[in-house]
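For reference, the chains in residue letters:
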Protein chains: 2
Amino acid sequence: MSSMDAATNAQTVREFVQTAFIEGRAQDAVDSFIGDRYVQHNPDVPDGIEGFKGIVAETKDKYPNFIFDTRKVIADDDHVCLHSYLSYDGNPPGISVMDIFRLEDGKIVEHWDVLQPIPEKQAHGNGMF
Amino acid sequence: MSSMDAATNAQTVREFVQTAFIEGRAQDAVDSFIGDRYVQHNPDVPDGIEGFKGIVAETKDKYPNFIFDTRKVIADDDHVCLHSYLSYDGNPPGISVMDIFRLEDGKIVEHWDVLQPIPEKQAHGNGMF
């Protein structure tokens, strides 16, 4: 796949995150950006498109000050990695998360992530981003 | 930067991980793969090349059964993301980790990571990989 496809996939993932996690419009995110399935690897979120819609609705309802601020995007063929700052209550210290999305024909079909609470005490002054 | 450079950087990072974390040869990893600095964003590891050498030596000494098994590599220009299974004692459940390395002129100069212990109870049967 050409690097233009990777760039297009990166833009798709950015718009998906904006629609789902920043604007809370789960069904619009499904209609516009998700393929015929959504294989979930986050161990705390139920599988599939319904599981995705559930977590978006729950986040929107419970955490009106939720922050999902993507700091880095790495796109390679059909995979897109994001490194983002999350905060459920909108306050520090928040969470460092890396997500990987796999796309087929320009639609998202699979998701992996790793989350780590940002510790207050750190071994240097560089931060996690 | 061309996609050939991304592929070369991906190979460099794979050889770096093999040399440092699988074979425990910190100085060889520094000499062959690290640039003039190593900006560390893992909050628990001291900054710089000396901090890197310290954590490699500590891992080799304390955890002879340490596993670092990379399952996915995503390379985009000067950034390379790895998704890997870690286990300090060589046993499950282990840790899911995503690393991002930044390279300059083919040498590694900066590192971010996010680690999450793999929970025994999961919301589906897909696993974290």
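Summarised in this report is the structure supplied together with it. Just so we're clear, the structure is a prediction, and the values are computed from it rather than from any experiment. (Residues numbered from 1 in each chain as written. Chains lettered and ligands numbered in written order. Predicted model: local features only at pLDDT ≥ 70, side-chain atom pairs only at ≥ 80, totals over all residues. Heavy atoms only, no water.)

## A look at the overall build of chain A
Thought 1: From N to C terminus, chain A includes three helices and five strands.
Thought 2: Taking 14 Å as the expected radius of gyration for a compact globule of 129 residues, we find that chain A reaches 15 Å, a close match to that expectation.
Thought 3: Projected onto the principal axes, the alpha-carbon positions of chain A cover approximately 45 × 35 × 25 Å.
Thought 4: Every one of the 129 residues in chain A was classed for burial, and the buried ones make up 49%.
Thought 5: When contacts within chain A are restricted to residue pairs at least 6 apart in sequence, those whose partners lie at least 24 apart make up 41%. (Helix = DSSP H or I, 4+ residues; strand = E, 2+ residues; numbered from the N terminus. Rg over C-alpha atoms; globule rule 2.2 N^0.38 Å. Buried < 20%, exposed > 50% of the residue type's maximum accessible area, 1.4 Å probe, protein only. Contact = heavy atoms within 4.5 Å.)

## Examining the sheet that holds strand β3 (residues 79-87) of chain B
All names here are of chain B.
Thought 1: An order of β1-β5-β4-β3-β2 is seen for the five strands of this open sheet, with the pairing classed as mixed. The open sheet has two free edges, formed respectively by β1 (34-40) and β2 (67-76), since each of these has just one partner strand. Strand-to-strand, the axes of this sheet are offset by a mean angle of 25°, without reference to chain direction.
Thought 2: Inspection of the sheet shows β3 paired to strand β4 (residues 95-104) by eight bridges, in the antiparallel sense. Its bridge partner being in β4, V80 is matched across the sheet by F101.
Thought 3: Where helix α2 (residues 26-33) meets the sheet, its contacts fall on β1 and β5 (107-117), and the angle it forms with β1 comes to roughly 115°. (Pairing = 2+ DSSP bridges. Axes fitted to C-alpha atoms, helices over the stretch in contact; angles between N-to-C directions.)

## What to know about the interface of chain A and chain B
Thought 1: Taken together, the contact between chain A and chain B spans 36 residues of the former and 36 residues of the latter.
Thought 2: Buried surface at the junction of chain A and chain B, summed over both partners, amounts to about 3000 Å²; 63% is from carbon and sulfur atoms.
Thought 3: Ranking the residues of chain A by area buried against chain B places P43, M98 and V114 of chain A at the top, with a combined share of 21%.
Thought 4: Run the count over chain A and chain B and you get 22 residue pairs in polar contact (both at pLDDT 80 or more). (Buried area = accessible area lost by both parts, 1.4 Å probe. Polar contact = N/O pair within 3.5 Å; in protein donor to acceptor, adjacent residues only side chain to side chain.)

## Quick word on the environment of G35 of chain A
Residues and elements named next belong to chain A.
Thought 1: Tracing the backbone through its elements, the reader meets G35 in strand β1 (residues 34-40).
Thought 2: When the C-alpha positions of G35 and Q116 are compared, they lie 28 Å apart, and in sequence the two are 81 residues distant.
Thought 3: Here G35 is in contact with I49, K107, I108 and V109, once residues within four sequence places are set aside.

## Brief notes about the sheet that holds strand β2 (residues 67-76) of chain A
Hydrogen bonding along the main chain pairs the strands of a sheet, whether they run parallel or antiparallel.
Residue and element names in this part refer to chain A.
Thought 1: Strand order in the open sheet formed by five strands is β1-β5-β4-β3-β2, with mixed pairing between adjacent strands. Strands with a single pairing partner mark the edges of an open sheet, and in this sheet they are β1 and β2. On average, each strand axis in the sheet is inclined to that of its neighbour by 25°, with strand direction left out of account.
Thought 2: Strands in contact with helix α2 (residues 26-33) are β1 and β5 (107-117); relative to β1, the strand with the most contacts, it is inclined by about 115°.

## A closer look at the pattern of salt bridges
Residue and element names in this part refer to chain A.
Thought 1: Applying the stated criterion to the full structure yields 18 salt bridges over all chains.
Thought 2: With a closest N to O distance of 2.7 Å, D36 and R37 form a salt bridge.
Thought 3: Salt bridges sharing common partners tie together D36, R37, R102, E104 and E110. (Salt bridge = Lys/Arg side-chain N within 4 Å of Asp/Glu carboxyl O.)

## A closer look at the packing of aromatic side chains
Thought 1: Counting across every chain of the model gives 22 aromatic pairs over all chains.
Thought 2: Considering the side-chain rings of F16 of chain A and Y38 of chain A, the 6.3 Å spacing of their centres and the 40° angle between planes classify their relative orientation as tilted. A residue pair is termed long-range when its members are at least 10 positions apart, and F16 of chain A in helix α1 (residues 3-22) and Y38 of chain A in strand β1 qualify at 22 residues.
Thought 3: In this structure F16 of chain A comes out as buried when scored by relative accessible area, which is 0%.
Thought 4: Residue Y38 of chain A is classed as buried on the basis of its relative accessible area of 3%.
Thought 5: Consider the rings of F16 of chain A and F101 of chain A, whose centres lie 5.6 Å apart with planes at 75°: the pair is edge-to-face. Placement of the pair is F16 of chain A in helix α1 and F101 of chain A in strand β4 (residues 95-104), with a sequence separation of 85 residues. Each member of the pair F16 of chain A and F101 of chain A is classed as buried.
Thought 6: One residue, K72 of chain A, lies across the ring of W112 of chain B, its end atom 4.1 Å from the ring centre. (Phe/Tyr/Trp six-rings, centres within 6.5 Å; stacked < 30°, edge-to-face > 60°. Lys NZ or Arg CZ within 6 Å of the ring centre and 35° of its normal.)

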